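Here's the letter readout for the chains.
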Amino acid sequence: MGREVAESCFDGLIIEMVSAYGRRFYATKPDLASRRIEAIGFQVGHQLIERYTVERPRFSDHLEAIKFICKEFWSELFKKQIDNLKTNHRVGTFVLQDNKFRWFTRVLIDPSSEDNEASQGSSSEATSMLLHFPCGIIRGALSNVGISCAVSADASNLPSCESCILFFALKFSI
């Protein structure tokens, strides 16, 4: 029987880790903070994929591994599959889209804040830092199955409390 942790506890841990690295440990060096957060995500993804593929045969190609990430791996992490997968085999790029990325809901901008402009800047920085962790998770998972890649995130449509429409895209260059 597997051990489970309440989702809110895990979400809180992720948010606190990003805050600690971004605002305390490396407050004057945001690039170093982002690399460290991504490295932690890499280790997490590397270990999780091992657990989730222990009884599965090796992937035959990149597309099979990416589909596994979109369906089974993402479902284990976020209790839902990736919403959309776009591929460009010629250049080796895969774009994954998650329309309701759960971790963003904890860093929404509060419109009732007195200092709304400062609050939006702080929230935007936290969201930007938060993106490095899932990028690391995916890069670590793919690395463990023998796929070397670069992973980046695009969250140009950041959530606001009014709409709460979330968009998250990951781009793989293999």
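Structural notes, computed from the coordinates. (Residues numbered from 1 in each chain as written. Predicted model: local features only at pLDDT ≥ 70, side-chain atom pairs only at ≥ 80, totals over all residues. Heavy atoms only, no water.)

This part is about the pattern of salt bridges. Two side chains of opposite charge can pair, provided their charged atoms sit close to one another. In the structure shown here, the tally under the stated rule is five salt bridges. E16 is paired through a salt bridge with R24; the nearest N and O atoms lie 2.5 Å apart. The class for R24 is exposed, based on a relative accessible area of 52%. Two residues, E38 and R139, come together in a salt bridge whose shortest N-O distance is 2.7 Å. Placement of the pair is E38 in helix α2 (residues 30-52) and R139 in helix α4 (residues 116-144), with a sequence separation of 101 residues. Taken together, the salt bridges that share partners define one network made up of K80, D83 and D98. (Salt bridge = Lys/Arg side-chain N within 4 Å of Asp/Glu carboxyl O. Buried < 20%, exposed > 50% of the residue type's maximum accessible area, 1.4 Å probe, protein only. Helix = DSSP H or I, 4+ residues; strand = E, 2+ residues; numbered from the N terminus.)

Backbone phi values are negative for most residues with the exception of glycine, while trans is the configuration of most peptide bonds. In this structure, K79 takes a positive phi of about 60° despite not being glycine. Within the element layout of this structure, K79 appears in the loop between α3 (62-78) and β1 (84-88).

On to helix α1 (residues 7-25), then. Compared with an ideal rise of 1.5 Å per residue, which puts 19 residues at 27 Å, α1 spans 26 Å between its outermost C-alpha atoms and is within 8% of the ideal. For α1, the complete set of buried residues consists of D11, I14, M17, V18, S19, A20, Y21 and G22. (Expected span 1.5 Å × (residues − 1).)

This paragraph deals with the side chain of D98. Mapped onto the elements, D98 comes out in strand β2 (residues 93-98). Among the polar contacts made by the side chain of D98, one reaches the side chain of W74 at a distance of 2.8 Å. There is a polar contact of 2.8 Å between the side chain of D98 and the side chain of K80. (Polar contact = N/O pair within 3.5 Å; in protein donor to acceptor, adjacent residues only side chain to side chain.)

Glancing now at the packing of α2 against α3. If you want to describe how two helices pack, look at the angle between their axes and the distance between the axes. The N-to-C vectors of α2 and α3 enclose an angle of 100°; their axes lie 11 Å apart at closest approach. Relative to α3, the element α2 lies roughly perpendicular. Across from G45, L48, I49 and Y52 in α2, the residues of α3 making contact are F68, I69, F73, E76 and L77. Its residues assigned to classes, the contact of α2 with α3 comprises seven nonpolar, one polar and one charged. (Axes fitted to C-alpha atoms, helices over the stretch in contact; angles between N-to-C directions. Parallel < 35°, antiparallel > 145°, perpendicular 65-115°, else oblique. Contact = heavy atoms within 4.5 Å. Nonpolar A, V, L, I, M, F, W, Y, C, P; charged D, E, K, R; others polar.)

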